[in-house]
Amino acid sequence: DGGITQSPKYLFRKEGQNVTLSCEQNLNHDAMYWYRQDPGQGLRLIYYSQIVNDFQKGDIAEGYSVSREKKESFPLTVTSAQKNPTAFYLCASSERGSTDTQYFGPGTRLTVL
Amino acid sequence: GQNIDQPTEMTATEGAIVQINCTYQTSGFNGLFWYQQHAGEAPTFLSYNVLDGLEEKGRFSSFLSRSKGYSYLLLKELQMKDSASYLCAVRGGGSYIPTFGRGTSLIVHP
């Protein structure tokens, strides 16, 4: 089955700790994205990558870092510099084409205690 | 950037029809998406409009008017499982990445 997986579904961390969220896709999509969703807010773009070994900052990249060493994988690290990291994190991918429709993973809910 | 406006919440009755509106302001409009998102789950793609007019897919239809900066999602024969948030996302401003609105929470009651 083709799709996007994110793990874990729920994640708890102590304040001051870095944490890495996993995102894997087997859709052979070139582009991958990370979004953050807070209650009552739309999806806000953190980082995106159009090809392997290349990525760009989105609207709210401060306190986050990413890597894209493989086409299938786009992990997101939430660093201790992120002031308010508790949120629902969504990974997406798309095939570069006329519509570039994004397909989303199931999300990771991160709670920083 | 893009400015996208959707109602925060709507309620409707099972079996009825509901229309969720989305207005936007952007330069270089290049497509509008609708997604459905159940609480705590991933958004799932519903429709894509880039030309004016109505696109129909079963119980769901989406309409676009580029001159008015306006779209709506029409849901017919509402079912309880249609209770979800509906996200409007607009692509424009020279970027291929859409900007998402805050979403409309639809509550369907018996």
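Below or above, wherever it landed, is the structure these notes cover. (Residues numbered from 1 in each chain as written. Chains lettered and ligands numbered in written order. Predicted model: local features only at pLDDT ≥ 70, side-chain atom pairs only at ≥ 80, totals over all residues. Heavy atoms only, no water.)

### Regarding the pattern of salt bridges
- The final tally for this structure, using the stated rule, is six salt bridges over all chains.
- Where Arg-66 of chain B meets Asp-52 of chain B, a salt bridge forms, and the shortest distance between an N and an O atom there is 3.0 Å. You can see Arg-66 of chain B sitting in the loop between strand S7 (60-65) and strand S8 (70-75) and its partner Asp-52 of chain B sitting in the loop between strand S5 (44-49) and strand S6 (53-57), a full 14 residues away along the chain.
- Within the structure, one salt-bridge network assembled from shared partners comprises Arg-36, Asp-38 and Arg-44 of chain A. (Salt bridge = Lys/Arg side-chain N within 4 Å of Asp/Glu carboxyl O. Helix = DSSP H or I, 4+ residues; strand = E, 2+ residues; numbered from the N terminus.)

### Remarks on the sheet that holds S8 of chain B
All names here are of chain B.
- Reading across from one edge, S1-S3-S8-S7-S6 is the order of the five strands in this open sheet, with antiparallel pairing throughout. Because the sheet does not close on itself, it has two edges, and the strands there are strand S1 (3-5) and S6. Between one strand axis and the next, the sheet turns by 15 degrees as a mean value, whatever way the strands run.
- The pairing of S1 with strand S3 (residues 18-25) spans three bridges and is antiparallel. Considered in S3, the bridge of Asp-5 is made with Thr-23. (Pairing = 2+ DSSP bridges. Axes fitted to C-alpha atoms, helices over the stretch in contact; angles between N-to-C directions.)

### Observations concerning the state of the cysteines
All names here are of chain A.
- Using the criterion set out here, one finds two disulfides over all chains in the structure.
- Two residues, Cys-23 and Cys-91, share a disulfide whose sulfurs are 1.9 Å apart. Between Cys-23 and Cys-91, the S-S torsion sits near -75 degrees, and that sign places the bridge as left-handed. Of this pair, Cys-23 sits in strand S3 (residues 19-25) while Cys-91 sits in strand S9 (residues 87-94), and the two are 68 residues apart along the sequence.
- A relative accessible area of 1% means that Cys-23 is categorised as buried. (Disulfide = S-S within 2.5 Å. Buried < 20%, exposed > 50% of the residue type's maximum accessible area, 1.4 Å probe, protein only.)

### Examining the packing of aromatic side chains
Residues and elements named next belong to chain B.
- Scanning all chains against the criterion turns up 18 aromatic pairs over all chains.
- Here the aromatic rings of Tyr-35 and Phe-45 are separated by 6.0 Å at their centres, their planes lie at 70 degrees, and the arrangement is edge-to-face. Taken together, the residues Tyr-35 in strand S4 (residues 32-37) and Phe-45 in strand S5 connect sequence positions ten residues apart.
- What makes Tyr-35 buried here is its relative accessible area of 1%.
- With centroids separated by 5.0 Å and ring planes inclined at 20 degrees, the aromatic side chains of Phe-63 and Tyr-72 adopt a geometry described as stacked. (Phe/Tyr/Trp six-rings, centres within 6.5 Å; stacked < 30°, edge-to-face > 60°.)

### Digging into the pairing of strand S1 (residues 4-7) of chain A
All names here are of chain A.
- Side chains Ile-4 and Gln-6 of S1 all project onto a buried face; the interleaved residues Thr-5 and Ser-7 project onto a face where none is buried.
- As paired strands, S1 and S3 are joined by four bridges and run antiparallel to one another. When the sheet's bridge partners are listed, Ile-4 is paired in S3 with Gln-25.

### Remarks on the sheet that holds S3 of chain A
Residue and element names in this part refer to chain A.
- The strand order across the open sheet formed by four strands is S1-S3-S8-S7, and the pairing between neighbours is antiparallel. Either end of the sheet is taken by a strand with one partner, and the two such strands are S1 and strand S7 (64-66). Within the sheet, the average angular offset between the axes of one strand and its neighbour, ignoring direction, is 20 degrees.

### Some points on the side chain of Thr-108 of chain A
- By the element assignment, Thr-108 of chain A lies in strand S11 (residues 108-112).
- By relative accessible area, which is 0% here, Thr-108 of chain A ends up buried.

### Focus on the interface of chain A and chain B
- Each side of the interface is counted separately: chain A has 24 residues, and chain B has 17 residues.
- For the pair chain A and chain B, the summed buried area comes to about 1600 Å², and 57% of that belongs to carbon and sulfur atoms.
- If you look at where chain A meets chain B, you find zero salt bridges.
- If you look at where chain A meets chain B, you find three residue pairs in polar contact (both at pLDDT 80 or more).
- Among the secondary structure elements, those contributing two or more residues to the side of chain A that touches chain B are strand S4 (31-37), strand S5 (44-51) and S9 of chain A.
- Top contributing element to the side of chain A that touches chain B by residue count: S4 of chain A, with four residues.
- Tallied by class, the residues present in the side of chain A that touches chain B amount to ten nonpolar, ten polar and four charged. (Contact = heavy atoms within 4.5 Å. Buried area = accessible area lost by both parts, 1.4 Å probe. Polar contact = N/O pair within 3.5 Å; in protein donor to acceptor, adjacent residues only side chain to side chain. Nonpolar A, V, L, I, M, F, W, Y, C, P; charged D, E, K, R; others polar.)

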